[in-house]
Each structure stands twice: as C-alpha cells, then as structure tokens.
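Residues per chain, in single letters:
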Amino acid sequence: MEHDGLVLRLRYKTDVLDSDYAAGSPAITNRLAFIADNPDAEHARQSLLSADELRLQSTGSPGGRELPDRRVHEVFEERARAHPDALAAVHGDRQLTYRELNARANQLARALLARVCPAKVWWAW
C-alpha cells in the first residue's frame, strides 16, 4: 500500500494466513488503509474492527440478547461456582463438569503465566 510516497508492506506468517486472506481481510485492509492515510496517528490505540463490528460489540449480541457486563472467564467461573457438577463440555465420549473444566482452565492459565512471567508467583488461583 502506498500513500504520499510512503510504502506500507504487510508481513505475516505464511503458516497461519494465506496471501488471499491477508490481502482480502477487511480488518487488515481497513487497518492498513488507516495507517496509510494517517501516518502520524497513534496506531496502537486503533481498532482492527470495522465501524459495524464495533457497533455490534457495543450494542450486544447479534441475536439481540444483552451481553453481561463481565469478561467471559468471569461469567464461566460464576457458572462453575453455581453448578460445579453440571455438564460443561462434551467431546466424543469425554465429558467434563464445570468444576473439572474450570480446574483444567486454571491449570493451563497458571502454566501460561509461569511461562510468560517465570519470576512471579501467581497465587490468585
């Protein structure tokens, strides 16, 4: 993409995206167009979402149902506390209750945090 003599090139991992998607993704092309048109803007605070996508996020789900005023993990943990032995996930012949799934999610979260911040001790869970 070129604008006023500035050239902007998109680099991406070819094992994750193919060239058609990278070149045709509205989120990517909108973002690149914004950067090309506003080279002095603070780009770290700009969204990759289109105006319609942002509006959908702010107004709720596509089905018209109000979204909770909490993050998804908070909603899930609330459900796990309220119904720990209820069935939460099924894959083939494997079934997990909310208690089991929450325990596994927390185990994964601790492992990821230890990998990202090995010097810190995470006691929150």
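Please read all numbers here as calculations on a predicted model, not as lab measurements.

**Considering the pattern of salt bridges**
Link 1 in the chain: Inspection of the entire model under this criterion finds 3 salt bridges.
Link 2 in the chain: Between R99 and D85 there is a salt bridge whose closest N-O contact spans 3.4 Å. With R99 in helix α5 (residues 98-116) and D85 in the loop between α4 (72-82) and β3 (87-91), the pair connects residues that are 14 residues apart, well separated along the chain.
Link 3 in the chain: Owing to a relative accessible area of 45%, R99 belongs among the partly exposed residues under this scheme.

**Notes on the pairing of strand β4 (residues 94-97)**
Link 1 in the chain: Bridging between β3 and β4 involves 4 bridges; their strand directions are antiparallel. Looking across to β4, one finds that A89 is bridged to L96.
Link 2 in the chain: The loop that links β3 with its antiparallel partner β4 comprises 2 residues; one of these, G92, has a positive phi angle of about 60 degrees.

**Notes on the environment of D85**
Link 1 in the chain: You can call D85 exposed: its relative accessible area is 57%.
Link 2 in the chain: Once the C-alpha coordinates of D85 and T97 are considered, the two residues, 12 residues apart in sequence, prove to be 5.3 Å apart.
Link 3 in the chain: Setting aside chain neighbours within four positions, we find D85 in contact with T97 and R99.
Link 4 in the chain: Within the local environment of D85, its side chain forms a polar contact with the side chain of R99, the two groups lying 3.4 Å apart.

**Describing the packing of α4 against α5**
Link 1 in the chain: Contact pair α4 / α5: the axes reach a minimum separation of 9 Å and the direction vectors enclose 140 degrees. With respect to α5, the axis of α4 lies oblique. By crossing handedness, the relation of α4 to α5 is classed as left-handed. Contacts from F76, E77, R79 and A80 of α4 reach α5 at Y98, L101, N102 and N106.
Link 2 in the chain: Considered class by class, the residues forming the contact of α4 with α5 number 4 nonpolar, 2 polar and 2 charged.

Reading the values: the criteria
- Residues numbered from 1 in each chain as written.
- Predicted model: local features only at pLDDT ≥ 70, side-chain atom pairs only at ≥ 80, totals over all residues.
- Heavy atoms only, no water.
- Salt bridge = Lys/Arg side-chain N within 4 Å of Asp/Glu carboxyl O.
- Helix = DSSP H or I, 4+ residues; strand = E, 2+ residues; numbered from the N terminus.
- Buried < 20%, exposed > 50% of the residue type's maximum accessible area, 1.4 Å probe, protein only.
- Pairing = 2+ DSSP bridges.
- Contact = heavy atoms within 4.5 Å.
- Polar contact = N/O pair within 3.5 Å; in protein donor to acceptor, adjacent residues only side chain to side chain.
- Axes fitted to C-alpha atoms, helices over the stretch in contact; angles between N-to-C directions.
- Parallel < 35°, antiparallel > 145°, perpendicular 65-115°, else oblique.
- Left-handed = near helix turned anticlockwise from the far one by under 90°.
- Nonpolar A, V, L, I, M, F, W, Y, C, P; charged D, E, K, R; others polar.

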